[in-house]
Amino acid sequence: MWDDIWIGGDIATMARDGPPYGAIRGGALAVADGTIAWVGPAADLPGPPGGLAARVHDASGQWITPGLIDCHTHLVYGGNRAREFEMRLEGASYEAIARAGGGIASTVGATRAAREDDLFAVSETRLAALAAEGVTTVEIKSGYGLDVETELKQLRVARRLGETHGVTVRTTFLGAHALPPEFAERPDDYIDFVCSESLPAAAQAGLADAVDAFCESIAFSPGQAARVFDKATALGLPVKLHADQLSDLGGAALAAGYGALSADHLEYTGASGVLAMAAAGTVAVLLPGAFYTLRETQLPPVELFREHGVPIAVATDSNPGSAPVTSILLMLNMACTLFRMTPEEALAGATRNAARALGIGETHGVLAPGMAADLCLWDIAEPAELAYRIGFNPLVRSIKKGISSV
Ligand code: NIG
Ligand code: FE
């Protein structure tokens, strides 16, 4: 006997092989113990639904998709950077603001100053906005603390958000995000500190599911990122990288060389980086909200990713500077309109491929027996509507491990 069964709706399983969206018209989906027990055409059910499950739900006129996965966010931070938005409109560049001590450094100040409970409260609001659009799994990075105490504070808040909001949170340690003021002009000393102090502390506290770094001229060199990756690897943690966002420093190939789960941003990635990612199975995480906010004109090499079979994910990059975004549906739209992805690719980017980017592709991101029962029910006539509309939220409800949340 199953716990729940949904009938009457159409199901976008997002299974990779098969029809577009893995679609099953007139489908049924059954859940037992928080896991998908059965999915297929309702006509193939082994008996009348009422005799198969304790609860039968009518999803007529709705589409069921996997719960959405936002695989790249910096959701936990203090303060905001609306003033920098104004400065960019007055002509200052993102890089110039960063070099003048604004940018990430200004958020570091506000995050260090924030009480843990206050940080939780402001972050909770942002998480609620994502969840309201069907996000059931979110990655949250540190990187606005840069000292041990504040990095751990951010990661604890991230874990607590997961425990209290019915959303799976995957944490990523991003100590190598920017150079903190106490290490001014001493980037190698700061990388020593990350490798010997803050990263081991986060790992030991069980607060890091993965390790990220920002490889860029305004952040850390490929050699410095590699040192962080060596330490992460020694600690048994998977890696990912902010790579080739503003220039091509070979970040994608560097990440692939470490078997990274993902390389993210990638506007300036060249063919050799794409080939290295393909060989390593590294997911390309595209962040159209940052592209849009920074008015970037260099497009990520989507066609090359397709050609070489690199899985593409799409995420919000939710952060106070380059992507003040709390809408995953808007990112699906931007992935299509700005990056020329198809609506099906965009949805796969926030489900199946996003799960892979977090190392949870065996259990999340696709509707199939044995996978987590994380679902969204949408009041839409076809799945492409999720990417097509702008500023419209057709979520009827989301289900986390079989339990209704929104
Ligand atoms: O992903 N690129 C580096 N980090 C963030 C931006 C952080 C910030 O501006 O506060 C990003 O775009
Ligand atoms: Fe980011």
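Residues numbered from 1 in each chain as written. Chains lettered and ligands numbered in written order. Predicted model: local features only at pLDDT ≥ 70, side-chain atom pairs only at ≥ 80, totals over all residues. Heavy atoms only, no water.

A. Structural view of the sheet that holds strand E16 (residues 375-378). Spatial strand order, E3-E2-E7-E16-E17-E18: six strands in an open sheet with mixed pairing. Two strands in the sheet have a free side with no partner beyond their single neighbour: strand E3 (23-24) and strand E18 (403-404). (Pairing = 2+ DSSP bridges. Helix = DSSP H or I, 4+ residues; strand = E, 2+ residues; numbered from the N terminus.)

B. Molecular detail of the packing of helix H5 (residues 148-165) against helix H6 (residues 187-204). At a closest axis distance of 9 Å, the pairing of H5 and H6 adopts a crossing angle of 35 degrees. Handedness of the crossing formed by H5 with H6: right-handed. On H6, the residues touching Val148, Leu152 and Leu155 of H5 are Phe193, Glu197, Ser198, Ala201 and Ala202. Class assignment of the residues belonging to the contact of H5 with H6 gives a composition of six nonpolar, one polar and one charged. (Axes fitted to C-alpha atoms, helices over the stretch in contact; angles between N-to-C directions. Left-handed = near helix turned anticlockwise from the far one by under 90°. Contact = heavy atoms within 4.5 Å. Nonpolar A, V, L, I, M, F, W, Y, C, P; charged D, E, K, R; others polar.)

C. Summary view of the site of ligand 1. Taken together, 15 residues lie near ligand 1, and Arg81, Tyr94, Tyr144, His177 and Ser322 sit nearest. Here a nitrogen atom of ligand 1 sits 2.9 Å away from a polar atom, N or O, in the side chain of Gln245. For ligand 1, an oxygen atom lies 3.0 Å from a polar atom in the side chain of His265. Alone, ligand 1 offers 330 Å² of accessible surface; in the complex the protein occludes 100% of this. Looking at the shell around ligand 1 residue by residue, the class counts come to four nonpolar, nine polar and two charged. (Near = heavy atom within 4 Å. Polar contact = N/O pair within 3.5 Å; in protein donor to acceptor, adjacent residues only side chain to side chain. Areas by Shrake-Rupley, 256 points an atom, 1.4 Å probe, with all protein chains shown as cover.)

D. Up close: unusual backbone geometry. Positive phi outside glycine occurs at Asp33, with the angle close to 55 degrees. Its place among the elements puts Asp33 in the loop between strand E4 (27-32) and strand E5 (35-41).

E. Inspection of the pattern of salt bridges at higher detail. Applying the stated criterion across every chain, the model contains 22 salt bridges. Ionic pairing is found between Arg81 and Glu84, a salt bridge with its closest N-O pair at 2.8 Å. Of the two residues examined, Arg81 and Glu84, each falls in the buried class. One network of salt bridges, in which partners are shared, links Arg115, Asp117, Asp118 and Arg160. (Salt bridge = Lys/Arg side-chain N within 4 Å of Asp/Glu carboxyl O. Buried < 20%, exposed > 50% of the residue type's maximum accessible area, 1.4 Å probe, protein only.)

F. How the structure looks around helix H7 (residues 222-234). Compared with the 18 Å implied by 1.5 Å per residue over 13 residues, the 18 Å span of H7 between its first and last C-alpha is a close match. Turning to H7, its buried residues number three or more, namely Gln224, Ala225, Ala226, Val228, Phe229 and Ala232. Considering only its buried residues, H7 is in contact with strand E10 (168-176), H6, strand E11 (210-215), strand E12 (240-243) and helix H8 (251-257). (Expected span 1.5 Å × (residues − 1).)

G. Examining the coordination of the iron ion (ligand 2) more closely. Binding of the iron ion (ligand 2) to the protein goes through His72 (NE2), His74 (NE2), His242 (NE2) and Asp317 (OD), at separations of 2.1 to 2.3 Å. All donor residues of the iron ion (ligand 2) come from one chain, and their arrangement in sequence is H-x1-H-x167-H-x74-D. Of the two residues, His74 is situated in the loop between strand E8 (68-70) and helix H1 (82-89) and His242 in strand E12; the sequence distance between them amounts to 168 residues. Summarising the burial analysis for this pair, His74 and His242 share the class buried. (Donors = N, O, S within 2.8 Å, 3.2 Å for Na, K, Ca; no water.)

Honestly, that's just the spatial picture; any functional story needs more than this.
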